[in-house]
Each structure stands twice: as structure tokens, then as C-alpha cells.
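# Per-entry structural report
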Amino acid sequence: MKQTAVVIAPGRGTYNKAELGYLKTRHPKKSDLIQQFDNYRDATGQVSVSSLDGMERYSISTHTRGDNASPLIYACAYSDFVSIDRKAFDIIGVTGNSMGWYIALACAGALSPMAGFEVVNTMGTLMQDHLIGGQIIYPYTDTNWVEIPAGKERLLGLCHDISSRPDHFLAPSIDLGGLLVLAGDVNGLSAFEAEVEPVQDRFPMRLQNHAGFHSELQKPVSDLGKERLKPSLFQQPNLPLIDGQGDLWYPSACDLNALWDYTLGHQVHETYDFAAAIRIAAREFCPDVFIVLGPGTTLGGSVAQSLIRCDWQGWSDKASFRQAQNEQQSLISMGA
């Protein structure tokens, strides 16, 4: 009997040193589609995704650049998607985190595989070329994934306070269910680092080669993206989509101009509520399993924490999540 599944596509930061060779190892037979991706990159004078994946050593300066990381992650994630056994899983919805929205559009059929690659490559290149601002992560849950009372509200209050200062900008970028990603300029990010307590031996964490995604800093990139990527790239999806506001886009019922406008407008320069996307996916579709596409496994914790926030299957903390997973796996990470 098939299990119903919601598929979740990853964003930037999921292809790291451990993922080097992901395409070659997980999908050793180079598909015609990957060859098309490589040809596209060759034509634009960029290093092919196969070459990036096949390098002998992982390089932060090379592999984390937006113009390289975005298409590489897309190629890995989309290859994972098409490899899902449709005899075992009935995919009933698709969503994604941040850049993962572009991947989700391709998985759902709202963009063809090549149109999806064009969108990802174009936006990743534009963001790298401009590299406006940066991002920083800080948790509002403890190490057992239990929400700290008023923790999120305090962080948002501090964010607002810092951004109200002259020559400072800081804004919520992504809600990951237990972690807040903030976007800001140098002064805003530095002020936040100075005023929060270091926790869990790694936070506050600056993200390397990340711009101030999902904030008003990216409005120029949004405008350029709309100039280069036309609404004609979009088509009616064949699977329901849940976006970064928690809104649903259904097959045969999408206003394609609105989908284009959201994808290259609001999605780029406004807060991305990944936790809301997961909450709506859980409550509207009630899937048997969530499948997180690779590369990497870093998004799995955010999905689990987002599901804990909405009391999915009675999960209340990391311990109850792990116990439930041991009994019956309902969160599958393809990158594991």
C-alpha cells in the first residue's frame, strides 16, 4: 500500500564538505537532464554542476558561492525527487525552504526542469553578483527543541530595536521552527552578535557567502530577476504547492502571473515562514510521511522542530521525535 508524502526541497547551505560528490555517488548514471544543466552552465561561462560536484576537494570559496551553490543544490535535489519510488509513495504536496521554493516549483511541475534550473541559476548569480547584506542564525528553542518561553518574541524585539538605530538594518528572514534566520547589514548583524548570549557552542552563527535573503535589502535583486525571468516560464503545476507564507497553489487553479510575481517578488524580499509552510502541509494534507530531498540532512531538524511547534503526531521535543522515528519513520531525509 502506498504511503502519502509531502516532499520538502532544501535551500542554500545544504551542500557542504560531507556532500562533495553527492551527484556522482547518489546518481552515478549521468542523466540527459544533468547534461542539459551542464550545457547551460557551459554556455554561460560558468563551471558545470558535474565539475563542481566532482572536484577533489570541497572549497568554501567555490562551493558556497550563490552562483555555484544554488544550481548544484538544485541538481542534487531534483535528481533525488525524480528517484522517489512512486510505487511506494503517493506525493500529495510539495514545499521548500527559501531557495527550495524554486526547486519545489520544478518538482510540482509549475516550472519545467530546465526552467527551474534557469530560475535558480539566474537568481543565485544575481545574488552573488550583488551580495547585499548577510544572514545570521539564533535559536528560540533549547537543546531538546523545547520552545524557550517568550524567546522568539525577545529576539524579534531586539531585531526591531537594532533596526531602529541610525545606519543599522536587521529583519527576520526565515522562521525555521526553532531557529530564526535574520538578515541585515554589517552594523545590524554586528550589533546582534554583541547583544545576544552565545549558546549551544555555535550560535549566533553567521552564514558564509549568504546575502540578506528575504528582506528589503533584496529588492534590487527582485527587480532584476523580474526583468530577466518572464511569466511565460511558469505553467500550471500538477501537484499542490505550499509557499513561504503558508499559502496553497493548486493544480489547474493557479494565477500564473501571481505565481511569477510571488516567486520573484514577495518570496525574495519578504520574510519566508518555513514553519508556517510545514504547519499547513501537516494540517491540510495529513501525509503519512514527509520526505526531505538532499543534499545534506541539515533541514531535517528544522522540519522536525516545525512539526513539534504544531504538535504533529504528539511530538513535543527532540526525545519524543526520536522515539517516534524509531518506532515508525515518518520523516525521511534522502540525503542521509
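These lines cover the structure that appears in this document, whether it is placed above or below. (Residues numbered from 1 in each chain as written. Predicted model: local features only at pLDDT ≥ 70, side-chain atom pairs only at ≥ 80, totals over all residues. Heavy atoms only, no water.)

Moving on, we come to the sheet that holds strand β9 (residues 272-273). As summarised here, the arrangement of the five strands in space is β6-β3-β5-β4-β9, forming an open sheet in which the pairing is mixed. Looking along the sheet, the strands with just one partner apiece sit at the ends: β6 (205-206) and β9. Looking at chain direction, strand β4 (residues 170-175) and strand β5 (residues 179-184) are connected through five bridges and run antiparallel. Across the sheet, Asp175 pairs through a bridge with Leu180, a residue of β5. Sitting on the sheet, helix α9 (residues 186-195) touches β3 (134-139), β4, β5 and β6, and the angle it makes with β3 is about 20°. (Pairing = 2+ DSSP bridges. Helix = DSSP H or I, 4+ residues; strand = E, 2+ residues; numbered from the N terminus. Contact = heavy atoms within 4.5 Å. Axes fitted to C-alpha atoms, helices over the stretch in contact; angles between N-to-C directions.)

Our focus in this paragraph is the pattern of salt bridges. Scanning all chains against the criterion turns up eight salt bridges. Across the pair Arg65 and Asp67 runs a salt bridge, and its minimum N-O distance is 2.8 Å. Between Arg165 and Glu195 there is a salt bridge; the shortest N-O distance is 2.7 Å. A residue pair is termed long-range when its members are at least 10 positions apart, and Arg165 in the loop between α8 (151-163) and β4 and Glu195 in helix α9 qualify at 30 residues. (Salt bridge = Lys/Arg side-chain N within 4 Å of Asp/Glu carboxyl O.)

In this structure the tally under the stated criterion is 13 aromatic pairs. Arranged with centres 6.3 Å apart and planes meeting at 35°, the rings of Trp249 and Tyr262 form a pair that is tilted. Separated by 13 residues along the polypeptide, Trp249 in strand β8 (residues 248-249) and Tyr262 in helix α11 (residues 256-264) bring together distant segments of the chain. With respect to class, Trp249 is no different from Tyr262; both count as buried. Three or more aromatic residues joined by ring pairs make a cluster, and in this case those are Phe37, Tyr40, Tyr74, Tyr78, Phe81 and Phe117. Its guanidinium or amino end placed over the ring of Trp260, Lys226 lies 5.4 Å from that ring's centre, counting from NZ or CZ. (Phe/Tyr/Trp six-rings, centres within 6.5 Å; stacked < 30°, edge-to-face > 60°. Buried < 20%, exposed > 50% of the residue type's maximum accessible area, 1.4 Å probe, protein only. Lys NZ or Arg CZ within 6 Å of the ring centre and 35° of its normal.)

Within β3, six of the six residues are buried, which leaves the element mostly enclosed by the surrounding structure. Going residue by residue along β3, you find Gly134, Ile136 and Tyr138 tucked away on one face and Gln135, Ile137 and Pro139 tucked away on the opposite face as well. Taken together, the six bridges between β3 and β5 define a ladder with antiparallel strand orientation. Note on β5: the bridge partner recorded for Ile137 is Val181. Judged from the two bridges that link them, β3 and β6 form a sheet pairing that is antiparallel. Pairing of Ile136 across the sheet is with Arg206, part of β6.

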